[in-house]
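Descriptive structure summary
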Amino acid sequence: MLRTHNNGELRIANVNEIVTLCGWVQRTRDKGGMIWIDLRDRYGITQLMLEEGKTPKEAIETARSLGREFVISVTGTVVERLSKNDKLPTGDIEVKVTELSILNPAKLPPFLIEDETDGGDDIRMKYRYLDLRRNPVRQNLILRHKMAQEVRSYLDKQGFIEVETPVLIKSTPEGARDFVVPSRMNPGEFYALPQSPQTFKQLLMVSGFDRYFQIVKCFRDEDLRADRQPEFTQIDCEMSFIEQEDILQMFEGLVRQLFQNLKGIEINEISRMTYAHAMKYYGSDKPDIRFGMEFYELKSEEVDLTSDKNFPVFDAASVVVGINAKGCAEYTRKQVDELTDFVKRPQIGAKGLIYVRYNADGSIKSSVDKFYSEEDLKKWIEAANAQPGDLLLILCGDGDKPRKQLNELRLEMGNRLGLRNPNEYSVHWVVDFPLLEHSEEENRWFAMHHPFTSPKPEDIEFLKSGDLGKIRANAYDMVINGVEVGGGSIRIFQKDLQAKMFETLGFSDEEAKHQFGFLMDAFEYGAPPHGGLAFGFDRLCSLFGGSDSIRDFIAFPKNNSGRDVMIDSPSTIDAKQLDELKIKTIV
Ligand code: ASP
């Protein structure tokens, strides 16, 4: 070992010990007679002290030649500090240097390597290895490490076996675009990188593994957002001879343990909500239920409190829904305009926002006074369960659209009213997802989760009758604070039902065989009933770390164009490599 201690270790009890430390120079303060150096490593910072006249000359000279991030080694005696620093665990002591040597000089780093840095995103990503020296970034990765250990320990205790599945495979069915890899030995043919190990974990169930897990890289060639990366990590799990309820309970246990051991938080109730309920009352399949503000309906298939008053906008809509912003009746015109602009942004796309102020004095004022009498509006107020002082915000349209738009407004109001406390956690399941969703564009049905998801037995008849929109699946998502952290399903394990599902999704027999023949074959050799789920590991880490961006929790992430700017990838390959692969590019 080149050192006796690390830089986070020395305390008052070590005073008078002779120690050797190594690390990076965080900063040097030269006050003429005295020089102080902050020496940093992964474990912390220790202050070094050199004194003109007392410290050997060579050491003083070397100290004066140091720059930021030089790698040095020092030997000296631990002494009690005159002025202590209670912000540092090592703040009671400093090391009086007797020997100092430079192990490696360093160029001036392109940004400050401190908790608060002056480096922008791009430069930090280009020099990510320097960014990783910073405390907050390192803490994120330590959290990730601990999370992985907790996951392994919980699942191991529950009898799960970690099995690695291949990375060079063929197209998987999670519904995104595949990344592909050309095969040199099989010219003209390609591997696909797994969007998830879905089919493999099902095959492991056929093999009798019973309980499988893997912390595994998955690859999806999708457009990127803050919470997406082309390669990301899942905690992927599968179990045999279980029902949905067994899976929900098993993974509630995992999440409880993670909260308990990593954050010291006891998670109370983990509630369940159907997809239908979530859409109707929150306009989202991942509602943030840390606060209420559920939707009420003014017009839908069940109620109509808006028609016959000659308000053409509502008359033309099949759905009128609203939220009650408690205590917001006093919002100024400007504030209401801001909300209107918010819902009219292209990403949300509402045409406008209707409001009703239920003033503290009981009077009512609305943007549709011309059409609706006070009596009419009182009915709305009743439907909204509003009290004097509240503000009703209302959107309209057709289908799910106004609800999805209102979901955005609800979350915005939740933020504005401080109802989304990042230190408060609510965990719940959304269950009974539809099995299929219809694409207007392509005029065909898609699997909402993936084609191996089992319909609810009582809904299988709709598969035969063609009432496809009505089929509910044994599929579930776990939602924490409005973020979908994981999801899965009970699988189809009967060959015939699986064949019917492929047919419904528009696969010809041949296509189904070509793509998933191996799974259909396996189902003929005794497939047990099984099901599972996968958690987005990066997302779980960012949630625990209190950040919106998963990138902060990935050691070497890609930017929004899918580039690794540090290693400069993707990049072209040389002609020889292309020749070997029998590939011609046309860009
Ligand atoms: N493979 C699924 C996914 O990646 C998860 C599952 O169904 O277990 O979303």
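**Overview of the overall build of the chain**
When you go through the chain residue by residue, the secondary structure sums to 16 helices and 22 strands. A principal-axis box enclosing the C-alpha atoms of the chain has dimensions of 95 × 75 × 50 Å. Per-residue burial for the chain yields a buried fraction of 49% across its 587 residues. When the accessible surface of the chain is summed, it comes to about 29700 Å², and 49% of that surface belongs to carbon and sulfur atoms. The centroid of the 76 positive side-chain charges in the chain is displaced by 4 Å from the centroid of its 94 negative side-chain charges.

**Observations regarding the site of the ligand**
Close to the ligand lie 14 residues; Gln198, Lys201, Gln234, His449 and Arg491 are nearest. The separation between a nitrogen atom of the ligand and a polar side-chain atom of Gln198 is 2.7 Å. Arg220 places a side-chain nitrogen or oxygen 3.0 Å from an oxygen atom of the ligand. Alone, the ligand offers 270 Å² of accessible surface; in the complex the protein occludes 92% of this. Counting only elements with at least two residues in the shell around the ligand, the list comes to helix H5 (198-206), strand E21 (483-490) and strand E22 (530-536).

**Comments concerning the sheet that holds strand E14 (residues 354-358)**
Read across the sheet, five strands follow the order E12-E13-E16-E14-E15 without closing on themselves; strand pairing throughout is antiparallel. The sheet terminates laterally at strand E12 (296-299) and strand E15 (364-366), the two strands that pair on one side only. The average angle at which neighbouring strand axes cross in this sheet is 25 degrees, direction not considered. Here E14 runs beside strand E16 (residues 390-397); their pairing, made up of five bridges, is antiparallel. The residue of E16 that forms the bridge with Tyr358 is Asp390.

**Here's the deal with unusual backbone geometry**
Cis geometry is adopted by the peptide bond preceding Pro570, which originates at Ser569 and carries an omega value of 0 degrees. Inspection of the secondary structure assignment puts Pro570 in the loop between helix H15 (537-544) and helix H16 (575-581). Residues other than glycine seldom take positive phi values, yet Phe241 does so here, at roughly 55 degrees. Take Phe241: its relative accessible area is 62%, and that puts it in the exposed class. With a phi close to 55 degrees, Asp568 is a non-glycine residue in the positive phi region. Mapped onto the elements of the fold, Asp568 is located in the loop between H15 and H16. Judged by relative accessible area, which is 47%, Asp568 ranks as partly exposed.

**Quick notes on the sheet that holds strand E11 (residues 271-274)**
Strands belonging to one sheet form pairs held by backbone hydrogen bonds; the direction of such a pair is parallel or antiparallel. Taken together, eight strands build an open sheet; the order of strands is E6-E9-E10-E22-E21-E20-E17-E11 and the sheet is mixed. Sheet topology places strand E6 (161-162) and E11 at the edges, where each strand pairs with a single neighbour. Taken together, the seven bridges between strand E10 (residues 231-240) and E22 define a ladder with antiparallel strand orientation. Across the sheet, residue Ile235 finds its bridge partner in E22, namely Phe535. Sheet strands touched by helix H7 (residues 275-282): E11 and strand E17 (427-431). Its angle to E11, the strand with the most contacts, is close to 80 degrees.

**Focus: the pairing of strand E3 (residues 44-51)**
Burial of E3 is extensive: seven of the eight residues sit out of reach of the surface. As paired elements, strand E2 (residues 34-41) and E3 share eight bridges and run antiparallel to each other. If you follow Met34 over to E3, its bridge partner there is Glu51. Following E2, the chain reverses through two residues before pairing antiparallel with E3. Of the strand pairs in this sheet, E3 and strand E5 (residues 93-104) are connected by two bridges, and their pairing is parallel. Bridge assignment links Met49 to a residue of E5, and that residue is Lys96.

**Details of H5**
Gln198, Thr199, Lys201, Gln202, Leu204 and Met205 are the residues of H5 that are buried. Elements in contact with the buried residues of H5: strand E9 (211-219), E10, helix H14 (509-522) and E22. Two residues or fewer past H5, Gly208 is found with a positive phi of approximately 90 degrees.

**Points about helix H10 (residues 374-384)**
Every buried residue of H10 is listed here: Asp376, Leu377, Trp380, Ile381 and Ala384. Projected down its long axis, H10 shows its buried positions confined to an angular sector of 145 degrees, all on one face. Residues of H10 that are exposed and point more than 90 degrees away from the buried face comprise Glu375 and Glu382. Considering only its buried residues, H10 is in contact with E12, helix H8 (312-316), strand E13 (319-325), E14, E15 and E16. Phi turns positive, to about 60 degrees, at Asn385, one or two residues after H10.

**Focus: the side chain of Gln498**
Looking at where Gln498 falls in the secondary structure, it is placed in helix H13 (residues 495-504). Looking at Gln498, the relative accessible area reads 0%, which means it is buried. Every residue in contact with Gln498, bar those within four places of it in the chain, is listed here: Pro451, Phe452, Ile492, Met520 and Phe523.

**Some details on the packing of helix H4 (residues 135-157) against H15**
Contact pair H4 / H15: the axes reach a minimum separation of 10 Å and the direction vectors enclose 120 degrees. As summarised for this structure, H4 and H15 are arranged oblique, according to the angle between their axes. For the crossing formed where H4 meets H15, the hand is right-handed. Touching Leu143, Arg144, Met147 and Ala148 of H4 are Phe537, Asp538, Leu540, Cys541 and Phe544, all from H15.

Conventions and cut-offs
- Residues numbered from 1 in each chain as written.
- Predicted model: local features only at pLDDT ≥ 70, side-chain atom pairs only at ≥ 80, totals over all residues.
- Heavy atoms only, no water.
- Helix = DSSP H or I, 4+ residues; strand = E, 2+ residues; numbered from the N terminus.
- Buried < 20%, exposed > 50% of the residue type's maximum accessible area, 1.4 Å probe, protein only.
- Areas by Shrake-Rupley, 256 points an atom, 1.4 Å probe, with all protein chains shown as cover.
- Lys, Arg positive; Asp, Glu negative; His and termini not counted.
- Charge placed at Lys NZ, Arg CZ, Asp CG, Glu CD.
- Near = heavy atom within 4 Å.
- Polar contact = N/O pair within 3.5 Å; in protein donor to acceptor, adjacent residues only side chain to side chain.
- Pairing = 2+ DSSP bridges.
- Axes fitted to C-alpha atoms, helices over the stretch in contact; angles between N-to-C directions.
- Contact = heavy atoms within 4.5 Å.
- Arc of directions from axis to C-beta.
- Parallel < 35°, antiparallel > 145°, perpendicular 65-115°, else oblique.
- Left-handed = near helix turned anticlockwise from the far one by under 90°.

All quantities given are derived from atomic positions and should not be read as evidence of function.
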